[in-house]
Amino acid sequence: MAADLSKVTCIEDLRVVAQRRVPRMFYDYADSGSYTQGTYRSNEDDFQKILLRQRVAVNMEGRSTRSTMIGQDVAMPVAIAPTGLTGMQHADGEILGAKAAKAFGIPFTLSTMSICSLEDIAQHTDRHPFWFQLYVMRDKGFMERLINRAKEANCSALVVTLDLQILGQRHKDIKNGLSTPPKPTLKNLINLATKPRWCLGMLGTKRRSFGNIVGHVDGVGDVSSLSSWTADQFDPRLNWSDVEWIKKLWGGKIILKGVMDAEDARLAAQSGADALIVSNHGGRQLDGAPSSIAALPSIAEAAGKDIEVWMDGGIRSGQDVLKARALGAQGTMIGRSFLYGLGAYGQEGVSKALQIIHKELDTTMAFCGHTNINRVGTEILLPGTYPKPFAEI
């Protein structure tokens, strides 16, 4: 039976339902940051400090939020970000997210650490193009095979994550004993017993492990052998020569995720990549780093016109998307906003999250005196309330 989402009016409504329906260890995995969680909180809070200029007596007819991201037409400048363990927020979560994104007309990005595989997404979306996120790992043979599988699955762009050479410590994951599948501790079993909808969904699917890895790596045929392999795989030696190697091997469009410094932005532009994403990994890596929206103006200025600049981190509304666009982001990516919708109501929840963000974007743009998202700049922001490039501070 379809859920009645008529009273769901904002992303926060979806978060509240997701927190109630998703097992604690998986909800906390999605909704937490590293160490003090200061950067995680700043990602969202710093958007609220930016004020908008309301304009009146402007013709608001014929509005359009359509734009492009690396040359791809999009219904709004938003893509679904790669998120690990998405299939543990809701059964077959990555498949449901990809279907919702396809229907709405925005890109979907599959994580290397997804539950559903590349092949699953291709099969269930009739080989509709999607993006694939790649981690740089020690096992280069596996990486080569993974890239070739992405090509065969009809992926149209590769998102290379640069900020996970080592893992930031996330206290909640340690305290919850996070694992896939969940550890059968008494605490976890009691919590799972309070989530019947989630449990029934997981019983109805065979996808409960890392679909891109298990069965595709020598010596990793099941979950028991997976944890020891992944623990040693993120490569601390990652450097710009790895980006060059991946670019040649892939041969298609490349997006670099995790840029937070102007010098790195210049190097990203020189690498020949098509886009970079201003991202602090949702506050899950370096706690104490600036928010993504605070870093955006510096990155946009340093990158110049040689590479598209996008951002993620803290986007909970269409107003946030508009503010990012005004400050130089050609596109944005949403992670938690997508996961809240998924955890709350599955595919319907993802569609609802996209509808909410789109309506807020469209309405706010109009109130700021614009009818075309591609003409929005800092003129819609109240001077003194928005971040400037760090060099100007």
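Heads up: the structure comes first, above all this text.
Here is what the cut-offs are and how they apply
- Residues numbered from 1 in each chain as written.
- Predicted model: local features only at pLDDT ≥ 70, side-chain atom pairs only at ≥ 80, totals over all residues.
- Heavy atoms only, no water.
- Helix = DSSP H or I, 4+ residues; strand = E, 2+ residues; numbered from the N terminus.
- Rg over C-alpha atoms; globule rule 2.2 N^0.38 Å.
- Buried < 20%, exposed > 50% of the residue type's maximum accessible area, 1.4 Å probe, protein only.
- Contact = heavy atoms within 4.5 Å.
- Pairing = 2+ DSSP bridges.
- Phe/Tyr/Trp six-rings, centres within 6.5 Å; stacked < 30°, edge-to-face > 60°.
- Axes fitted to C-alpha atoms, helices over the stretch in contact; angles between N-to-C directions.
- Parallel < 35°, antiparallel > 145°, perpendicular 65-115°, else oblique.
- Left-handed = near helix turned anticlockwise from the far one by under 90°.
- Polar contact = N/O pair within 3.5 Å; in protein donor to acceptor, adjacent residues only side chain to side chain.
- Expected span 1.5 Å × (residues − 1).
- Arc of directions from axis to C-beta.
- Disulfide = S-S within 2.5 Å.
- Salt bridge = Lys/Arg side-chain N within 4 Å of Asp/Glu carboxyl O.

Once that is clear, we can look at the overall build of the protein chain. Broken down by element type, the protein chain carries 16 helices and 10 strands. Relative to the 2.2 N^0.38 estimate, which gives 21 Å for 393 residues, the radius of gyration of the protein chain is 20 Å and therefore close to what a compact globule would have. Taken along the three principal axes of its C-alpha coordinates, the protein chain extends 60 × 50 × 45 Å. Expressed as a percentage of the 393 residues in the protein chain, the buried residues total 57%. Restricting the contact set of the protein chain to residue pairs at least 6 apart, pairs at least 24 apart contribute 75%.

This brings us to the sheet that holds strand E7 (residues 253-259). What the 8 strands build is an open sheet, ordered E3-E10-E9-E8-E7-E6-E5-E4; its pairing is parallel. The open sheet is flanked by strand E3 (78-80) and strand E4 (109-110), the only strands paired with a single partner. With 3 bridges joining them, strand E9 (residues 308-312) and strand E10 (residues 331-334) adopt parallel strand pairing. Residue pairing in the sheet places methionine 311 in a bridge with threonine 332 of E10.

Glancing now at unusual backbone geometry. The backbone phi angle of glutamine 37 is positive, close to 65°, even though this residue is not glycine. With respect to the element layout, glutamine 37 can be found in the loop between helix H2 (24-30) and helix H3 (38-48). You can call glutamine 37 buried: its relative accessible area is 18%. If you check the backbone angles, leucine 85 has positive phi at about 60° while not being a glycine. Relative accessible area serves as the criterion here: at 5%, leucine 85 is assigned to the buried category.

Bringing the environment of methionine 88 into the picture now. Along the polypeptide, methionine 88 turns up in the loop between E3 and helix H4 (93-104). Placed 26 residues apart in sequence, methionine 88 and serine 114 show a C-alpha to C-alpha distance of 9.1 Å.

Once that is clear, we can look at the packing of aromatic side chains. Tallied over the entire structure, the rule returns 4 aromatic pairs. Residues phenylalanine 108 and phenylalanine 338 carry aromatic rings whose centres are separated by 6.4 Å and whose planes lie at 80° to one another, so their mutual orientation is edge-to-face. Here phenylalanine 108 is found in the loop between H4 and E4, whereas its partner phenylalanine 338 is found in helix H15 (residues 336-345), with 230 residues between them in sequence. A relative accessible area of 4% places phenylalanine 108 in the buried class. The interplanar angle of 85° and the centroid separation of 5.2 Å between the aromatic rings of tyrosine 135 and phenylalanine 234 together place this pair among those described as edge-to-face.

Our focus in this paragraph is the packing of helix H1 (residues 11-21) against H15. The geometry of H1 relative to H15 is characterised by a closest axis approach of 7 Å and an angle of 50° between their N-to-C directions. Taken together, the axes of H1 and H15 lie oblique to each other. Between H1 and H15 lies a crossing whose hand is left-handed. Residues Ile11, Leu14, Arg15, Val17, Ala18 and Arg21 of H1 touch H15, and the partners they reach there are Ser337, Tyr340, Gly341, Gly343, Ala344 and Tyr345.

The next point concerns the side chain of aspartate 120. As for its position among the elements, aspartate 120 is in helix H5 (residues 118-124). Here aspartate 120 falls in the buried class, since its relative accessible area comes to 13%. At a separation of 2.9 Å, a polar atom in the side chain of aspartate 120 contacts the main-chain amide nitrogen of serine 117.

Spanning 13 residues, helix H6 (residues 140-152) covers 18 Å between terminal C-alpha atoms, matching the ideal 18 Å at 1.5 Å per step. Turning to H6, its buried residues are Phe142, Met143, Leu146, Ile147, Arg149 and Ala150. One face of H6 carries all of its buried residues, which in axial projection span an arc of 160°. Residue asparagine 154 follows H6 closely and has a positive phi angle near 75°.

The next thing to look at is the state of the cysteines. As enumerated under the stated definition, the model contains 0 disulfides in all. No disulfide involves cysteine 10; its nearest neighbouring cysteine sulfur is the one of cysteine 368, lying 19 Å away. Cysteine cysteine 155 is unpaired, with the sulfur of cysteine 116 as its nearest cysteine sulfur at 14 Å. Its relative accessible area of 10% is what places cysteine 155 among the buried residues.

Now for the environment of lysine 323. Relative to the helices and strands, lysine 323 resides in helix H14 (residues 318-326). Given a relative accessible area of 4%, lysine 323 falls into the buried group. Distance in space between the C-alpha atoms of lysine 323 and glutamine 48 is 10.0 Å, their sequence separation being 275 residues. When residues no more than four places from it in sequence are discounted, the contact partners of lysine 323 are Phe47, Gln48, Ile50, Leu52 and Leu381.

Moving on, we get to the pattern of salt bridges. Side chains that differ in sign of charge can pair as their charged atoms come close. Scanning the entire structure with this criterion turns up 13 salt bridges. The closest approach of N and O atoms between arginine 24 and aspartate 28, which form a salt bridge, is 3.4 Å. A residue pair is termed a helical-turn pair when its members lie 3 or 4 positions apart in one helix, as arginine 24 and aspartate 28 do in helix H2 at 4 residues. For arginine 24, a relative accessible area of 47% puts it in the partly exposed group. According to the relative accessible area criterion, aspartate 28 is buried, its value standing at 8%. Across the salt bridge formed by glutamate 44 and arginine 316, the nearest N and O atoms sit 3.6 Å from each other. Highlighted residues: glutamate 44 in helix H3 and arginine 316 in the loop between E9 and H14, separated in sequence by 272 residues. Sharing partners across several salt bridges, the network here consists of Asp92, Asp120 and Arg207.

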